[in-house]
Every structure is written in C-alpha cells, then in structure tokens.
Amino acid sequence: MAVLDSIVKNRLITGFLMGALVFACILLGGTWLLALLLVFIIIASKEYADILKNKGFLPFFKVILIISVSMVLVSACGYDNLIPLVLLIGTIGSFLAVLFRGRQPYIANVATTILGFLIAWMPCHVCLVRNMGPEVSLFGITFKQGLYFLLFIFFVILFTDIAAYYFGVKFGKHKLSAVISPKKTIEGSVAGSICAIIAGLIIGKLTGISLYHSFVLALIVTVMAQLGDLSESLIKRDAGVKDSGHSLPGHGGFLDRADSYLFSVPVAYYYIKYFILTGLTFPMIADFIKKVCDVICG
C-alpha cells in the first residue's frame, strides 16, 4: 500500500509540474512554446529509437532528429507549407542512410526511421494551432484566436487523462484493450470522455466557440487522445518495454506523458481549420463524395 501511495504521489506531482509548464508555454507562445517542443522532440525521439532497438530494429536517430527539429522550426516560424518538402527530404534521407550505412533488417530500419519523424510531425501542429485564426483581444492583450483553441485542447486532454485514470482505478472492471494496455478500462474511457466533453462545453462557452463545435471538437480530442495513448502502448508492448523512458517519475518517459497529444492535436487542427474557420459542413463533404462516386461510376 505504501508503495502504491508513493507511485500515486509521484504521478500527481510530476503531472502537476508538467501540466503547469505546458500551460505556461502555451500562454506565452513564441520562443517558450518552441523551446518546449524542441526539448520534447529531442528526448521523445531518443526514447522512440531506444524502444525500437528492443525489437531488433535500428532506426537512424540522427535522421529522425534532424528532420523532426526542422519540422518544429518551420512550423513555429510560420513556414508550414515547407513541411511536405522536409518530409520528402527525410524519406529520401532514410533510404540513403540504409543504403550507405545500413544494417539488417533494411526495410524495417527505413520504415521505423520514417515512422520516427512522422510521430514528431504530429506535435508540430501545436505551433500551427497556436498561430491560426484572426487576432483577438482580451484585457488589452492581443493574440491569435489559436490560443483559445490550444487551451481548449489542453484542458480537454487534461480532463480525459485525469477522469479516465481515477474512474478506471475506482470503478474499472472491463478491459478496454486487454492485450495492448491491460490497465485501461471501458469505464475509465467512458468517464474520461464524458468529463472531457463537459469541460469542452464550458471552455467553449468562455472562449466564444459555438456549442455545436465545442461538443464535436471535444469529442474528437478525447477520442483521439485515448487512441494516441493506446497506439503508443501498442509500440511499447510489441517491443517488450513497459515505459518509453524513466525521465518523469510516475509517468515513465516523455512519450508516455505526451501520447495523448499525438493524434488529438493534428486532428483538432484540421477540424478547426476546415470546419470552424473555413465553414466546411458535413453536407458539403457528402456532396463531394457523391461527385467522386459519379466520376468513378461514369
């Protein structure tokens, strides 16, 4: 019992400190947010490469690191249109690294190297979200509307993680994915989603996001956050490791702490971009699909 209490205490302290740091960097933006992402990318990339070594794969860490840092920099500086070029260079570089310095298994080493910087590409959307939308003003301070959206995502993920963990521990009986992550439960997942949606509706009201978009965006974020968590667990389970690292007491590594953001932030970004800011609607998508089907069917 004492050991369990110590683990929970460490988890709470680490979670609070990391949450406060991320929250502060989101508010400050600019260099602070860039520094946070660079630290995460560097450490998480090393964790990823080490995890894959347990599986017998040898992803090229230097290629992953160079491409990952490049994507963060172009995203933070507003040159996100260059990301496809960076990804292209990284893909070619992965093949060249294996061609001239590679060791067996060749295909797996190329694939895991590319997967490494694709995983790093997803957190880059934090900068993209922070810089999107028109300028708004609050208490005489002017900033991009993206700050509201990023705070929305932050708190929805926070409530997802907290509620899923504690309701799962207290009431969880049915495994969500017994093979991949045996500690996660359906009860915890449902509770996390409900609390996240409630939090999203409240934050949406405070930040001027419509009730409809607040609900849909919160649902997207909480579902993607849990899928990101499970996906990272899948990689660890297949590689035979429990945690991605040991840097954060009670949480494991940086990938363990940030896995909820991997899918949720990019998906949220595109929903905000196309549905909230651009005004794309689901009937418009249905009409587009119908036209595509008409073309295919002649």
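Before reading on, note that the structure itself is shown above.
Residues numbered from 1 in each chain as written. Predicted model: local features only at pLDDT ≥ 70, side-chain atom pairs only at ≥ 80, totals over all residues. Heavy atoms only, no water.

### Observations regarding the overall build of the protein
For step 1, the next point in the chain: For the protein, the helix and strand inventory stands at 11 helices and 4 strands.
For step 2, the next point in the chain: Relative to the globule expectation of 19 Å for 298 residues, the C-alpha radius of gyration of the protein, 20 Å, shows essentially globular dimensions.
For step 3, the next point in the chain: Dimensions of the protein along its principal axes, counting C-alpha atoms only, are 60 × 55 × 50 Å.
For step 4, the next point in the chain: Considering only contacts in the protein between residues 6 or more positions apart, those separated by 24 or more positions represent 66%.
For step 5, the next point in the chain: With an accessible surface of roughly 16,000 Å², the protein has 73% of that area assigned to carbon and sulfur atoms.
For step 6, the next point in the chain: In the protein, which carries 23 positive and 15 negative side-chain charges, the distance between the mean positions of the two groups comes to 3 Å. (Helix = DSSP H or I, 4+ residues; strand = E, 2+ residues; numbered from the N terminus. Rg over C-alpha atoms; globule rule 2.2 N^0.38 Å. Contact = heavy atoms within 4.5 Å. Areas by Shrake-Rupley, 256 points an atom, 1.4 Å probe, with all protein chains shown as cover. Lys, Arg positive; Asp, Glu negative; His and termini not counted. Charge placed at Lys NZ, Arg CZ, Asp CG, Glu CD.)

### Some thoughts on the pattern of salt bridges
For step 1, the next point in the chain: Throughout the structure, instances matching the rule amount to 5 salt bridges.
For step 2, the next point in the chain: For D229, the salt bridge identified is with K184, shortest N-O distance 3.4 Å. One end of the pair, D229, is in helix α9 (residues 211-239); the other, K184, is in strand β4 (residues 181-185), and 45 residues separate them in sequence.
For step 3, the next point in the chain: Accessibility expressed as a relative area gives 25% for K184, which makes it partly exposed.
For step 4, the next point in the chain: For D256, the salt bridge is made with K236, and the minimal N-O distance between the two is 2.7 Å. Taken together, the positions of D256 in helix α10 (residues 254-277) and K236 in helix α9 put the pair 20 residues apart, joining distant regions of the chain. By the burial criterion, D256 is buried, and K236 matches it.
For step 5, the next point in the chain: One network of salt bridges, with partners in common, ties together E232, K236 and D256. (Salt bridge = Lys/Arg side-chain N within 4 Å of Asp/Glu carboxyl O. Buried < 20%, exposed > 50% of the residue type's maximum accessible area, 1.4 Å probe, protein only.)

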